[in-house]
Amino acid sequence: QVQLVESGGGQVHPGGSLKLSCVASGSGSSFRHYIMRWFRQKPGKERELIASISTGGKVNYMDPTEGRFTASRDDPRNTAYLLLNDLKPEDTGVYLCNAELLAQNYWGRGTQVTISS
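Rules behind the numbers
Numbering of residues starts from 1 in every chain and runs along the sequence as written. Where totals are concerned, whole chains, interfaces and linings use all residues; where local detail is concerned, this predicted model gives features only for residues with pLDDT of at least 70, and gives and counts side-chain atom pairs only at 80 or more. For the side-chain quantities, the full set of heavy atoms in the structure was used; hydrogens and water were omitted. Any Phe, Tyr or Trp ring, taking Trp's six-membered ring, that has another such ring centre within 6.5 Å forms a pair; planes under 30 degrees apart are called stacked, those over 60 apart edge-to-face, and the others tilted. Comment: elements are numbered from the N terminus, with helices defined as DSSP H or I runs of at least four residues and strands as E runs of at least two. When a residue's accessible area, from a 1.4 Å probe over protein chains only, is under 20% of the maximum for its type it is buried; when over 50% it is exposed; and in between it is partly exposed. In our convention, an over-ring charge means Lys NZ or Arg CZ found within 6 Å of a ring centre and within 35 degrees of that ring's normal.

Novice: How should the packing of aromatic side chains be read in this particular structure?
Specialist: Evaluated as defined, the whole model comprises 2 aromatic pairs. Residues F39 and W107 carry aromatic rings whose centres are separated by 4.8 Å and whose planes lie at 55 degrees to one another, so their mutual orientation is tilted. With F39 in strand β4 (residues 35–41) and W107 in strand β10 (residues 104–107), this pair connects stretches of sequence that are 68 residues apart. Given the relative accessible area of 37%, W107 is considered partly exposed. The ring of Y81 carries the charged tip of K19 above its face, separated from the ring centre by 4.5 Å. Positioned above the aromatic ring of W107 is the side chain of R47, whose terminal nitrogen or guanidinium carbon lies 4.5 Å from the ring centre.

These figures capture arrangement, not role.
Below is the structure:
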């Protein structure tokens, strides 16, 4: 069983930055085989996909975050990252990571990101 734990959220001013981490445990040396995804859930809204990181490290971004957010993975550390730059109030929400392998999906509990002045 894989457990995912996100961290790095917080409250920042508009224009600020945060770096989120997602650490996987229980995956052993298999982490590199997981597709990693970052999602965001805004208050009262559906969960939305932000970025998907392939097993080879290729990243696909969804609008409208492309160019401001950077997703990456460090397989030896069993960790995925999401760097958030130039944050806007509408980026407020819970950011969650997801790991997928052979149709098995695992979720973290998320980390809260709040942008306010």
